[in-house]
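Spelled out from the first residue to the last, the chains are:
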There are 2 protein chains.
Amino acid sequence: MKISVKVPATTANFGSGFDCLGMALPIYNIITIEETVLPGTGIEINVISETDDDDDFAIEHIPKDETNIIYKAVEMLYNSIGQSPSELRINIKSQIPIAKGLGSSASIIVGGLLAANELLGKPADEAALLSIATEVEGHPDNVVPAIVGGLVMTSQEHDGSIIYRKLPWPEEWHLTICIPNYEIATEIARSVLPKEVPLADATFNSRRVAMFVEALHTKDAGLMKLALQDRLHQPYRMKLVPGLQDIIDNLKHEENVIGCVLSGAGPSILVISQKNNLDRIKSIVNDTWENYNVKTDIRTLKVESNGAQILEASYL
Amino acid sequence: MKISVKVPATTANFGSGFDCLGMALPIYNIITIEETVLPGTGIEINVISETDDDDDFAIEHIPKDETNIIYKAVEMLYNSIGQSPSELRINIKSQIPIAKGLGSSASIIVGGLLAANELLGKPADEAALLSIATEVEGHPDNVVPAIVGGLVMTSQEHDGSIIYRKLPWPEEWHLTICIPNYEIATEIARSVLPKEVPLADATFNSRRVAMFVEALHTKDAGLMKLALQDRLHQPYRMKLVPGLQDIIDNLKHEENVIGCVLSGAGPSILVISQKNNLDRIKSIVNDTWENYNVKTDIRTLKVESNGAQILEASYL
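Residues numbered from 1 in each chain as written. Chains lettered and ligands numbered in written order. Predicted model: local features only at pLDDT ≥ 70, side-chain atom pairs only at ≥ 80, totals over all residues. Heavy atoms only, no water.

Caption draft 1: Representation of the pattern of salt bridges in the model. Residue and element names in this part refer to chain A. Considering all chains together, one arrives at 21 salt bridges over all chains under this definition. Arginine 190 is paired through a salt bridge with aspartate 19; the nearest N and O atoms lie 2.8 Å apart. Of this pair, arginine 190 sits in helix α6 (residues 186–191) while aspartate 19 sits in the loop between β1 (2–12) and β2 (21–35), and the two are 171 residues apart along the sequence. The class for arginine 190 is partly exposed, based on a relative accessible area of 34%. (Salt bridge = Lys/Arg side-chain N within 4 Å of Asp/Glu carboxyl O. Helix = DSSP H or I, 4+ residues; strand = E, 2+ residues; numbered from the N terminus. Buried < 20%, exposed > 50% of the residue type's maximum accessible area, 1.4 Å probe, protein only.)

Caption draft 2: A look at the interface of chain B and chain A. Taken together, the 36 residues of chain B in the interface contact 35 residues of chain A. Across the interface of chain B and chain A, roughly 3000 Å² is buried in total on both sides, 62% from carbon and sulfur atoms. Contact with chain A buries surface across chain B, with Leu199(B), Arg207(B) and Glu214(B) losing the most and accounting together for 19% of the total. In this assembly, chain B and chain A are joined by four salt bridges. Its salt-bridge partner being Glu157(B), residue Arg208(A) comes within 2.8 Å of it at the nearest N-O pair. Taken together, chain B and chain A are joined by 13 residue pairs in polar contact (both at pLDDT 80 or more). At the level of secondary structure, the elements contributing two or more residues to the side of chain B that touches chain A comprise β5 (151–156), β6 (162–167), β8 (196–198), α7 (199–218) and α8 (221–227) of chain B. (Contact = heavy atoms within 4.5 Å. Buried area = accessible area lost by both parts, 1.4 Å probe. Polar contact = N/O pair within 3.5 Å; in protein donor to acceptor, adjacent residues only side chain to side chain.)

Caption draft 3: Fine view of the packing of aromatic side chains. In this structure the tally under the stated criterion is seven aromatic pairs over all chains. Judged by centre distance (5.6 Å) and plane angle (80°), the rings of Trp169(A) and Trp173(A) are edge-to-face. In this structure Trp169(A) comes out as buried when scored by relative accessible area, which is 14%. With relative accessibility at 3%, the residue Trp173(A) sits in the buried group. Relative to Trp289(B), the ring of Tyr182(B) has its centre 6.5 Å away and its plane inclined at 85°; by these criteria the two rings are edge-to-face. Placement of the pair is Tyr182(B) in the loop between β7 (173–180) and α6 (186–191) and Trp289(B) in helix α11 (residues 278–290), with a sequence separation of 107 residues. Taken as a pair, Tyr182(B) and Trp289(B) share a single burial class, namely buried. Members of the aromatic cluster, connected to one another through ring pairs, are Phe14(A), Trp169(A), Trp173(A) and Phe212(A). One Lys or Arg, Lys6(B), reaches over the ring of Tyr28(B) and ends 4.2 Å from the middle of that ring. Between Arg231(B) and the ring centre of Phe204(B), over which it is positioned, the NZ or CZ distance is 3.8 Å. (Phe/Tyr/Trp six-rings, centres within 6.5 Å; stacked < 30°, edge-to-face > 60°. Lys NZ or Arg CZ within 6 Å of the ring centre and 35° of its normal.)

Caption draft 4: Up close: helix α3 (residues 104–119) of chain B. Residue and element names in this part refer to chain B. Taking 1.5 Å of rise per residue, the 16 residues of α3 would be expected to cover 22 Å, and the 22 Å separating its terminal C-alpha atoms lies within 8% of that figure. A large share of α3 lies buried, amounting to 15 of its 16 residues. Of the residues one or two after α3, glycine 121 is the one with positive phi, at around 85°. (Expected span 1.5 Å × (residues − 1).)

Caption draft 5: Quick peek at the sheet that holds strand β10 (residues 269–274) of chain B. Residue and element names in this part refer to chain B. Ordered by their spatial adjacency, four strands build an open sheet running β9-β10-β7-β11, and the pairing between neighbours is antiparallel. Each end of this open sheet is capped by a strand with a single partner; those strands are β9 (257–262) and β11 (296–301). Sheet twist, expressed as the mean angle between neighbouring strand axes with direction ignored, is 20°. Of the strands in this sheet, β9 and β10 are in contact with helix α10 (residues 244–252), which crosses β9 at around 175°. Relative to the sheet, α11 contacts β7, β9, β10 and β11, its axis offset from that of β11 by approximately 160°. (Pairing = 2+ DSSP bridges. Axes fitted to C-alpha atoms, helices over the stretch in contact; angles between N-to-C directions.)

Caption draft 6: Region of interest: the packing of helix α2 (residues 69–80) of chain A against helix α3 (residues 104–119) of chain A. Residue and element names in this part refer to chain A. α3 packs onto α2 with a crossing angle of 35° between their chain directions and a minimal axis gap of 8 Å. Where α2 crosses over α3, the handedness of that crossing is right-handed. Where α2 approaches α3, its residues Ile69, Ile70, Ala73, Val74, Leu77 and Tyr78 are matched on the opposing element by Ile108, Ile109, Gly112, Leu113, Ala116, Asn117 and Leu119. Broken down by class, the residue content of the contact of α2 with α3 amounts to eleven nonpolar, two polar and no charged. (Left-handed = near helix turned anticlockwise from the far one by under 90°. Nonpolar A, V, L, I, M, F, W, Y, C, P; charged D, E, K, R; others polar.)

Caption draft 7: Spotlight on the domain arrangement of chain A. Residue and element names in this part refer to chain A. Taken domain by domain, chain A holds domain 1 (2–167 + 303–314) and domain 2 (173–301). Tallying the contact residues gives 30 residues for domain 1 and 36 residues for domain 2. Between domain 1 and domain 2, roughly 2300 Å² of surface is buried when both sides are summed, and carbon and sulfur atoms account for 64% of that area. Seen at the junction of domain 1 and domain 2, the total is two salt bridges. Along the contact surface separating domain 1 from domain 2 lie 14 residue pairs in polar contact (both at pLDDT 80 or more). Taken together, the elements giving at least two residues each to the side of domain 1 that touches domain 2 come down to β1, β2 and β5 (151–156). (Domains from an automatic or database assignment.)

Encoded structure:
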């Protein structure tokens, strides 16, 4: 038996929505899990990178053994019904750039979980899948949109359950994702965050994220411009993303640019704009990063409204 | 010349919306400013309490001289057009309980400003009035709804300008305001707040306030229940409001109760509920506070959709 799952990339945080907001994007990993026939062969993990990166970072850095995060996800699902995984071949066809703030680990976790759930006859419902995925990933911001699609606000409640709501993204607001040719490991991006923050910064972000949700419902670009400001994570991560402050400054006075935020923990940058000044945005970001000797892969994308999907299930 | 302005009470914070949300309520102060004829009479301030309180706290504690906050507001407005106030009789007819977390000081500031603005021929527009009122009060959460009415999210931007948006409050959600017979000065309620808070508490509140706005737009009572939770101010103010934790606990499992939050900095408590179980809510709050020897004035109110209004302007 062999199951393939297509899982979208995700961009989390949106500035003020740190640890709260995430959105699925139309870049995909395809995770295939196949039951192998020979007993005793254990778990085999293969990674095929299909990103445009020429540095093969993906292939090098994804572990091929049980330390791979996908193994933990699959194992937790098996364990939840009193079983253990074995004799599985897991193939990861990776188009989502790794360690760029685009939810590649979330997509692998979600793909592994959904494929394994299908293999086992769907013992886990959505709530269970959300909980396991969040436990493996550490936070729900990326795994939830990877599972349900669209733009979502998420929260892990104290009982471990995951709350989410889909939010409406105005079609006329463009998303341009700018991916530099360097990586930041999420652990490093987490480690630069302080344990405590000024109360004034906390209330600053509260106000901004309230504006974010309101701006979505009323399609208020002026309000969204303010809503994207953040004091809880970007100021601390700025030093990990050379060029970010310059890009923000250079885009600030561009007509039609609503805002510019870190995608997830970075280093990718998400630019939100109105109308069709995308070429201008691309050239500003490109030129700014060129000053830092950074090459950039820039893509204008739509929201992916679908979450992870079973591509094929062959029961041979 | 004599101007009277009717200004609503306000309830701010709504749990997670600390320093962000405020709502006008149908309890009013009436501020009258009269130009007196005799030169050299200066500023005269009279306060008439019309609250049900028998302790006359209002009368005793409102200063009758230039240290009254209304004087500062009126003076700032006069100064903004290069004048100074003099020969004014200011009457404050006070129905809004003082130091109960119901925006009584905001209403006095707003009333003074609007009356003075009318007297001077409306030199200040809404933006200017919002800025001056916020400067005098220290934050925009109460003065903005007192001026514009309804439920609003507010923010003071770094250039001093005040941003606000009106939010839709579902009619089927009832507001019960429970006013205990003790006071908390706002300065004390502010002084117990820490300068720094855990980052996890900051992101907790961000998620909750995002839920708050979403719950309003989708009339989602289940989400609102979560949205009202707060970690940025109520935990620190709990000790100033004996009985609050018990009231929260006693209401927690009541059907139809959506939540229970501090009104402003307290000590009043705002209970939000669905359908008509108001008598039950009243008796629970009443009985709980009675254990603390606290008498309670409990009122079920509608949102006041109008802000401050000029009642009469006589140009005699």
